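So the chains spell out like this:
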Amino acid sequence: MRVERGSEQERGISLESLTTLENTAASHEGPALGNGELADLLPPEVCSLLNPAAIYANNEISLRDVEVYGFDYDYTLAQYADTLHPEIFSAACDILIEHYKYPEGIRKYDYNPSFAIRGLHYDIPKSLLMKIDAYHYVQLGTAYRGLQPVPDEEVIELYGGTQHIPLYQTSGFYGKGPSIKQFMDIFSLPEMALLSCVVDYFLGHGLEFDQAHLYKDVTDAIRDVHVKGLMYQWIEQDMEKYILRGDETFAVLSRLVAHGKQLFLITNSPFSFVDKGMRHMVGPDWRQLFDVIIVQADKPSFFTDRRKPFRKLDEKGSLQWDRITRLEKGKIYRQGNLFDFLRLTEWRGPRVLYFGDHLYSDLADLMLRHGWRTGAIIPELEREIRIINTEQYMHSLTWQQALTGLLERMQTYQDAESRQVLAAWMKERQELRCITKALFNAQFGSIFRTFHNPTYFSRRLVRFSDLYMASLSCLLNYRVDFTFYPRRTPLQHEAPLWMDQLCTGCMKTPFLGDMAHIR
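Here the residue numbering is sequential within each chain, running from 1 through the sequence in written order. Local features in a predicted model are, by the rule used here, given only for residues with pLDDT of at least 70; side-chain atom pairs are given and counted only at 80 or more, and totals for whole chains, interfaces and linings are based on all residues. The side-chain values count all of the structure's non-hydrogen atoms but skip hydrogen atoms and water molecules.

1. Examining the overall build of the protein chain
Point 1. Here a strand is any run of E in DSSP of at least two residues, a helix any run of H or I of at least four, and the numbering for each starts at the N terminus. If you tally the helices and strands in the protein chain, you get 19 helices and 18 strands.
Point 2. The rule is simple: take the accessible area with a 1.4 Å probe, protein chains only, and divide by the maximum for that residue type; under 20% is buried, over 50% is exposed, in between is partly exposed. Scored against the burial criterion, the 519 residues of the protein chain give a buried share of 54%.
Point 3. Considering only contacts within the protein chain whose residues lie at least 6 apart along the sequence, 75% involve residues at least 24 apart. Residues count as neighbours in contact if any of their non-hydrogen atoms are within 4.5 Å of one another.

2. Some details on the UniProt feature "active site" (unreviewed entry) in the protein chain
Point 1. UniProt positions are given in the numbering used here, feature names are shortened, and annotations may be inferred rather than shown by experiment. Mapped onto this structure's residue numbering, the UniProt feature "active site" (unreviewed entry) falls at Asp72 and Asp74. Lining residues of the second largest pocket drawn from the annotated set just named are Asp72 and Asp74.
Point 2. Examined against the element boundaries, Asp72 turns out to sit in the loop between strand 3 (68–71) and strand 4 (79–80).
Point 3. Apart from residues lying up to four places away in sequence, Asp72 is in contact with Leu77, Leu265, Ile266, Thr267, Lys299, Tyr354, Phe355, Gly356, Asp357 and Asp362.
Point 4. Here a polar contact means two N or O atoms within 3.5 Å. Within protein one must be a hydrogen donor candidate and the other an acceptor candidate, and residues neighboring in sequence count only if both atoms are side-chain atoms. Separated by 2.9 Å, the side chains of Asp72 and Lys299 make a polar contact.
Point 5. When you line up the elements, Asp74 lands in the loop between strand 3 and strand 4.
Point 6. Leave out the neighbours within four places in its chain, and Asp74 touches Tyr80, Phe187, Thr267, Ser269, Phe273 and Asp357.
Point 7. For Asp74, the side chain forms a polar contact with the side chain of Tyr80, separated by 2.5 Å. Within this scheme a cavity is a closed region of a 1 Å grid, computed over the protein atoms alone, that accommodates a 1.4 Å probe without allowing it to escape, whereas a pocket is open but has protein on both sides within 12 Å along at least five of seven lines; lining residues each have an atom within 4 Å of a point.

3. Some points on the sheet that holds strand 17 (residues 467–469)
Point 1. Here a strand pair is declared whenever DSSP counts at least two bridges between the two strands. Across the sheet, nine strands lie side by side as 1-17-16-15-3-11-12-14-13; this open sheet has mixed pairing. Each edge of the sheet is formed by a strand with only one pairing partner; in this case those strands are strand 1 (56–57) and strand 13 (310–313).
Point 2. Inspection of the sheet shows strand 15 (residues 352–356) paired to strand 16 (residues 373–377) by four bridges, in the parallel sense. Counted as the bridge partner of Phe355 is Gly375 from strand 16.

4. Comments concerning the sheet that holds strand 8 (residues 148–149)
Point 1. Strand order across the open sheet formed by five strands is 8-7-6-5-9, with antiparallel pairing between neighbours. Each having just a single partner strand, strand 8 and strand 9 (180–182) make up the two edges of the open sheet.

5. Considering helix 15 (residues 359–370)
Point 1. Most of helix 15 sits inside the fold, with ten of its twelve residues counted as buried.
Point 2. Of the positions making up helix 15, those classed as buried are Leu359, Tyr360, Ser361, Asp362, Leu363, Ala364, Asp365, Leu366, Met367 and His370.
Point 3. Those residues of helix 15 that are buried are in contact with strand 9, helix 14 (338–345), strand 15, strand 16 and helix 19 (456–464).
Point 4. A positive backbone phi angle near 75° is found at Gly371, which sits one or two residues after helix 15.

6. Structural notes on the packing of helix 10 (residues 230–237) against helix 13 (residues 271–281)
Point 1. It is the contact of helix 10 with helix 13, at a shortest axis distance of 10 Å, that shows an interaxial angle of 20°. Classed by the angle they form, the pair helix 10 and helix 13 counts as roughly parallel. Read as a crossing pair, helix 10 and helix 13 show a hand that is left-handed. Here helix 10 contributes Tyr232, Ile235 and Glu236 to the contact with helix 13, which in turn contributes Ser272, Phe273 and Lys276.
Point 2. Gly is put with the polar residues, along with every residue not named as nonpolar or charged; the nonpolar set is Ala, Val, Leu, Ile, Met, Phe, Trp, Tyr, Cys and Pro, and the charged set is Asp, Glu, Lys and Arg. Split by residue class, the contact of helix 10 with helix 13 holds three nonpolar, one polar and two charged. A fitted line through C-alpha atoms represents every axis, and for helices the fit uses only the stretch in contact; the resulting angles, taken between N-to-C directions, go from 0 to 180 degrees. Roughly parallel means an angle under 35 degrees; roughly antiparallel means over 145; roughly perpendicular covers 65 to 115; every other angle is labelled oblique. Left-handed is the label given to a crossing in which the near helix is rotated counterclockwise from the far helix by less than a right angle, and right-handed is the label when the rotation is clockwise.

7. Observations concerning the layout of surface pockets
Point 1. In this structure, the second largest pocket occupies an estimated 1,000 Å³ of space.
Point 2. Along the walls of the second largest pocket sit 34 residues, with Asp185, Phe187, His226, Asn268 and Lys299 positioned nearest its centre.
Point 3. Only strand 9, helix 8 (188–204), helix 9 (211–227), helix 10 and helix 15 provide two or more residues apiece to the lining of the second largest pocket.
Point 4. Here the lining of the second largest pocket gets six residues from one element, more than from any other, and that element is helix 9.
Point 5. For the lining of the second largest pocket, a count of residues per class yields 13 nonpolar, ten polar and eleven charged. Grid points are joined across faces, edges and corners, and a volume is the space filled by probe spheres set on the points.

8. A short note on the pattern of salt bridges
Point 1. We count a salt bridge whenever a side-chain nitrogen from Lys or Arg sits within 4 Å of a carboxyl oxygen from Asp or Glu. If you walk through the whole model with that rule in mind, you get 29 salt bridges.
Point 2. A salt bridge links Arg145 to Glu154; the nearest nitrogen and oxygen atoms lie 3.1 Å apart.
Point 3. The partner of Glu382 in a salt bridge is Arg245, and the shortest N-O contact between them spans 3.1 Å. Note that Glu382 is positioned in helix 16 (residues 380–388) and Arg245 in the loop between strand 10 (243–244) and helix 12 (246–258), a separation of 137 residues in sequence.
Point 4. The class for Glu382 is partly exposed, based on a relative accessible area of 22%.
Point 5. Note on Arg245: relative accessible area 32%, which makes it partly exposed.
Point 6. A single salt-bridge network, built from bridges that share partners, covers Asp94, Glu98, Glu104 and Arg107.

9. Let's talk about the side chain of Thr450
Point 1. Structurally, the position occupied by Thr450 is in the loop between helix 18 (416–440) and helix 19.
Point 2. Discounting residues that sit within four places of it in the chain, Thr450 has contacts with Lys131, Asp133, Gln139 and Thr455.

10. Structural notes on the packing of aromatic side chains
Point 1. Stacked, tilted and edge-to-face are the three classes applied to pairs of Phe, Tyr and Trp rings, where Trp contributes its six-membered ring and a pair requires centres within 6.5 Å; stacked means planes under 30 degrees apart, edge-to-face means over 60, and tilted covers the rest. Scanning the model with the defined rule gives 33 aromatic pairs in all.
Point 2. Both rings, one in Phe264 and one in Tyr354, keep their centres 5.9 Å apart while their planes meet at 20°; by these two values the pair is stacked. Of the two residues, Phe264 sits in strand 11 (residues 262–266) while Tyr354 sits in strand 15, which places them 90 residues apart along the sequence.
Point 3. Between the aromatic rings of Trp286 and Phe290, the centroid separation amounts to 5.9 Å while the plane-to-plane angle is 75°, which identifies the pairing as edge-to-face.
Point 4. On the basis of relative accessibility, which here comes to 0%, the residue Trp286 falls in the buried class.
Point 5. Ring pairs connect the aromatic residues Phe264, Phe341, Trp347, Tyr354 and Trp372, which therefore count as one cluster.
Point 6. A ring is considered to have a charge above it if a Lys NZ or an Arg CZ atom is located within 6 Å of its centre and within 35 degrees of its normal. Over the aromatic face of Phe339 sits the side chain of Arg306, whose NZ or CZ is 3.8 Å from the ring centroid.

In structure tokens, the structure reads:
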């Protein structure tokens with residue numbers, strides 16, 4: 001790098017330092033630094049690992065103030081094994097072939113559990129599955145049509161020369177279209193996989209198709225797996241195989257009741273299925289733990305539609321015709337609406353904490369409209385934290401941050417040699433980003449981040465949940481009067497110097513010591 005003496009003095013940096021800076025970066029070939037040098041990048045405070053069983057707070061909340069706990073059932077009280085997903089995939093594929101007369105050839109596809117992640121968007125007219133960040137930009141390198149990646153240039157051209165997606169025009173509040181759909185629940189993983197496989201087959205065989213019809217057929221086939229009770233049958237026939245952490249669910253519920261908390265259940269699943277699952281996890285007297293039990297609630301409309309009344313079910317699950325004037329402990333109710341629920345229980349505001357896995361169907365309306373506290377169950381969190389705790393991730397991220405800071409600070413040097421070095425840093429930074437992304441998922445990366453921005457999923461998670469955790473059992477690690485305090489993360493203007501934003505928080509990175517005095 002050639003620097004005029006006046007400018008080097010003005011910036012307070014020596015030519016020797018710049019030479020060291022250039023040599024260190026120019027000779028570096030990706031994250032493969034020596035072990036000793038890499039260890040220096042990570043101070044002791046960074047090396048303390050994150051706990052996958054911890055509860056993370058978006059908002060300050062004291063459990064001392066919570067008197068009433070509410071729960072969804074699927075993927076909240078009942079955690080399911082991933083072995084359920086290939087069953088859903090195969091059954092929906094059979095429905096497409098047998099009832100919708102799709103080509104027999106789509107049977108050749110097997111379910112790939114490593115293909116998609118939760119929170120992706122699907123552009124129906126373009127048959128494009130992609131990851132969008134919190135600012136509605138497509139993360140380049142994460143757009144797929146069928147099973148094939150779509151080049152970045154084509155993605156930008158498809159959206160009029162930009163990566164920005166006008167979601168307010170193309171997708172509703174709950175992410176259900178009309179043009180763009182967001183896949184938010186865990187059951188959507190086999191749906192995305194099947195949708196991609198069917199599109200891949202049609203494109204690979206040169207078959208013309210209407211994108212909207214194909215999308216609807218696949219969605220309806222997945223829905224039929226649930227509506228026809230196929231998934232319920234599989235789980236009921238082998239609960240040991242499919243239901244995880246049942247003893248921990250029992251421990252959570254029993255502990256809350258022992259401390260005088262009131263409990264309720266609101267689920268879209270039918271009573272017979274919930275009853276068998278809860279008997280397996282908790283025992284035959286499970287209903288005595290709950291003050292109110294509501295099944296087939298039809299969330300999210302349960303939270304917004306005042307018209308549907310509650311119906312009581314008898315011991316066999318048959319509908320009764322009684323008018324509901326109170327909600328009795330241990331009894332089973334069907335449908336209804338939140339407004340009658342609030343009127344009959346008088347459970348209002350922040351003394352209620354409701355847990356669910358679906359950010360839209362379970363949590364959004366409760367937080368925005370009714371002021372309940374909410375807890376999101378995110379099973380993927382456990383795996384992602386274990387990846388974040390790896391040495392490879394820490395070193396890769398540290399070097400990315402260092403390179404980003406170099407690019408920001410040294411871009412003022414525009415001579416030919418400097419531009420060449422800057423281009424090399426830019427290339428290396430992009431390579432590191434791709435390496436880090438692939439640690440989580442080769443196609444789409446982390447469900448929580450694009451390269452540097454939060455994902456759209458993360459944005460919704462922060463907006464609609466006070467707490468989030470990998471499973472309900474994480475509550476067992478905290479006292480029932482524990483207060484959760486969110487960490488104060490710096491806003492951009494609160495950390496003006498790029499070195500202060502390094503994940504290391506230290507000056508041990510090579511060549512940074514020489515630049516520490518620059519302010």
